[in-house]
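Each chain, written out:
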Amino acid sequence: MAYDEGLAERIREILQPQLGLDEKKMFGGIAFMMNDYMFCGIAKGELMVRVGPENYEAALTEPHVRPMDFTGKPLKGYVYVDPEGFAEDADLKKWVDRAMAFVATLPPKVKKRKKDKR
């Protein structure tokens, strides 16, 4: 199992009224994107949440939260939330809304030009 499809459906239900959101399969899971930025995702059964560098330490003090250490090195500004931390729909919505609120503060991404292969 690459990621929890049931959890993905729960997130989609929360996001349903939102426009301009995307999903991308990455790192063996799925990422939910807003303005070309990942704001949350799923790897196996864990929720990945982008809380931002300013909110990182505070997020780590919450129950069932740990650093996102996808490569073995913690990625500051991102956390993993264990399933107990989003078992209730209200808790999942809180994490998703928190991530979207952070990403909404980021500047628009500049599209990279493809290199000309002449």
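The following refers to the structure shown. (Residues numbered from 1 in each chain as written. Predicted model: local features only at pLDDT ≥ 70, side-chain atom pairs only at ≥ 80, totals over all residues. Heavy atoms only, no water.)

1. Describing the overall build of the chain
Operational definition: What counts as a helix is a DSSP run of H or I of at least four residues, what counts as a strand is a run of E of at least two, and both are numbered from the N terminus. C-alpha atoms define the radius of gyration in this analysis, and the globule rule sets the expected value at 2.2 Å times the number of residues to the power 0.38. Any two residues whose heavy atoms approach within 4.5 Å at even a single point are treated as in contact. In these tables, accessible area is a Shrake-Rupley quantity obtained with a 1.4 Å probe, and a residue counts as shielded only by the protein chains included in the view. Residues scored as charged are limited to Lys and Arg (positive) and Asp and Glu (negative), so that His and the chain ends carry no count. Charged groups are reduced to one reference atom each: NZ for lysine, CZ for arginine, CG for aspartic acid, CD for glutamic acid.
A tally of helices and strands in the chain yields three helices and six strands. Over its C-alpha trace the chain gives a radius of gyration of 15 Å, about what one expects of a compact globule, namely 13 Å for 118 residues. C-alpha extents for the chain along the principal axes are approximately 55 × 30 × 30 Å. Excluding contacts between residues fewer than 6 apart, the proportion of contacts in the chain whose partners are at least 24 apart in sequence is 51%. Split by element, the accessible area of the chain, about 7,600 Å² in all, is 54% carbon and sulfur. For the chain, the separation between the mean place of its 20 positive charges and that of its 19 negative charges on side chains is 13 Å.

2. A closer look at the sheet that holds strand E3 (residues 37-43)
Note the following rule: A pair of strands is considered paired only if DSSP assigns at least 2 bridges between the two. All axes here are fitted lines through C-alpha atoms, helices being fitted over the stretch that makes contact, and every angle between N-to-C directions spans 0 to 180 degrees.
Pairing is antiparallel in the open sheet, where six strands are placed in the order E1-E2-E3-E4-E6-E5. Every interior strand has two partners, whereas the edge strands, strand E1 (21-26) and strand E5 (65-67), have only one. Adjacent strand axes in the sheet meet at a mean angle of 25° when their direction is disregarded. Pairing of E3 with strand E4 (residues 46-50), which is carried by four bridges, proceeds in the antiparallel orientation. Within E4, the position partnered with Ala43 by the bridge is Glu46.

3. Examining the nonpolar core
Note the following rule: Nonpolar cores are built from buried Ala, Val, Leu, Ile, Met, Phe, Trp, Tyr and Cys residues. Side-chain atoms within 4.5 Å join them into one set. Each residue gets one of three labels from its accessible area relative to the maximum for its type: buried under 20%, exposed over 50%, partly exposed in between, using a 1.4 Å probe on protein chains only.
Ranked by size, the top nonpolar core spans 29 residues in total, and within it Ile11, Phe32, Phe39, Val79 and Val96 carry the most contacts. Of all the secondary-structure elements, those providing two or more residues to this core are helix H1 (5-15), strand E2 (29-34), E3, E4, helix H2 (56-60), strand E6 (78-81) and helix H3 (89-103). It is H3 that contributes the most residues to this core, seven residues altogether. In contact with Ile11, other than residues within four places in its own chain, are Phe32, Cys40, Ile42, Leu47, Leu92 and Val96. One finds Ala31, Met33, Tyr78 and Tyr80 within the second-largest nonpolar core, a separate group that totals eight residues.

4. Let's talk about the pairing of E3
The buried fraction of E3 amounts to seven of the seven residues, a majority that puts the element mostly inside the structure. Of the strand pairs in this sheet, E2 and E3 are connected by five bridges, and their pairing is antiparallel. Note that in E3 the partner of Phe32 across the bridge is Cys40. Taking the residues between adjacent antiparallel strands as the criterion, E2 and E3 are bridged by two residues, where Asn35 takes a positive phi near 55°.

5. Observations concerning the packing of H1 against H3
Heads up, the rule is: When describing relative orientation, an angle under 35 degrees is termed roughly parallel and one over 145 degrees roughly antiparallel, while 65 to 115 degrees is termed roughly perpendicular and anything else oblique. Here a crossing is taken to be left-handed if its near helix is turned anticlockwise relative to the far helix by less than a right angle, and right-handed if that turn runs clockwise. Gly counts as polar in this scheme, as do all residues outside two lists: the nonpolar Ala, Val, Leu, Ile, Met, Phe, Trp, Tyr, Cys and Pro, and the charged Asp, Glu, Lys and Arg.
Close contact between H1 and H3 brings their axes to 10 Å; oriented N to C, the two are set at 65°. It follows from the interaxial angle that H1 and H3 lie roughly perpendicular. Regarding H1 and H3, the two cross each other, and that crossing is right-handed. Along the contact surface, H1 presents Leu7, Arg10, Ile11, Ile14 and Leu15, while H3 presents Asp89, Leu92, Lys93, Val96 and Met100. In the contact of H1 with H3, the residues fall into seven nonpolar, no polar and three charged.

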